[in-house]
Amino acid sequence: MLTDPIADMLTRIRNAHLALHKEVSVPRSKMKEAMATILKQEGYVEDVRVEDRDITIELKYVKGRPAITGLKRISKPGRRVYVNHHGIPRVQNGLGICILSTSQGVLDGVSAHTQKTGGELLCEVW
């Protein structure tokens, strides 16, 4: 039994990039589906396919190097981290994104700041 499925998803993506795999499959949930969609919109992955029980993420490489150089889980089951729209961090001085779970759904940091909404800071991607 997994205690943190979001951390599991991030670890699977990180490990697949290190092994230079073309795609990775993770168990499906609405939260992970929304996070994968944000990664696709921001250009960190090529494609996201949702099947019955799995989400298949097609990884992106630029000149043979992974497009995602780092993934960090911020809010964990033992320590939840909440921010208001003023406290949304800039990841890697604006070169990365953060993903938040807000009352309007799962959003990236820029969208959450524009909509003036805060929430649980899930992870950072750069």
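Residues numbered from 1 in each chain as written. Predicted model: local features only at pLDDT ≥ 70, side-chain atom pairs only at ≥ 80, totals over all residues. Heavy atoms only, no water.

Some words on the side chain of Thr-117
Logical step 1: Relative to the assigned elements, Thr-117 resides in the loop between α3 (109–114) and β10 (119–125).
Logical step 2: At a separation of 3.2 Å, a polar atom in the side chain of Thr-117 contacts the side chain of Gln-104.
Logical step 3: Among residues more than four places away in sequence, those in contact with Thr-117 are His-85, Ile-88, Thr-102, Ser-103, Gln-104, Leu-107 and Ala-112. (Helix = DSSP H or I, 4+ residues; strand = E, 2+ residues; numbered from the N terminus. Polar contact = N/O pair within 3.5 Å; in protein donor to acceptor, adjacent residues only side chain to side chain. Contact = heavy atoms within 4.5 Å.)

Overview of the packing of helix α1 (residues 5–18) against helix α2 (residues 30–41)
Logical step 1: Orientation of α1 relative to α2, taken along the N-to-C sense of each, is 40°, at an axis distance of 10 Å. Comparing their axes, α2 and α1 come out oblique. Of the two possible hands of crossing, α1 and α2 adopt the one that is right-handed. Each of Pro-5, Ile-6, Met-9, Leu-10 and Ile-13 in α1 lies in contact with α2, whose residues at this interface are Met-31, Lys-32, Met-35, Ala-36 and Leu-39.
Logical step 2: Within the contact of α1 with α2, the residues separate by chemical class into nine nonpolar, no polar and one charged. (Axes fitted to C-alpha atoms, helices over the stretch in contact; angles between N-to-C directions. Parallel < 35°, antiparallel > 145°, perpendicular 65-115°, else oblique. Left-handed = near helix turned anticlockwise from the far one by under 90°. Nonpolar A, V, L, I, M, F, W, Y, C, P; charged D, E, K, R; others polar.)

The quantities given are spatial measurements derived from coordinates; they are silent on function.
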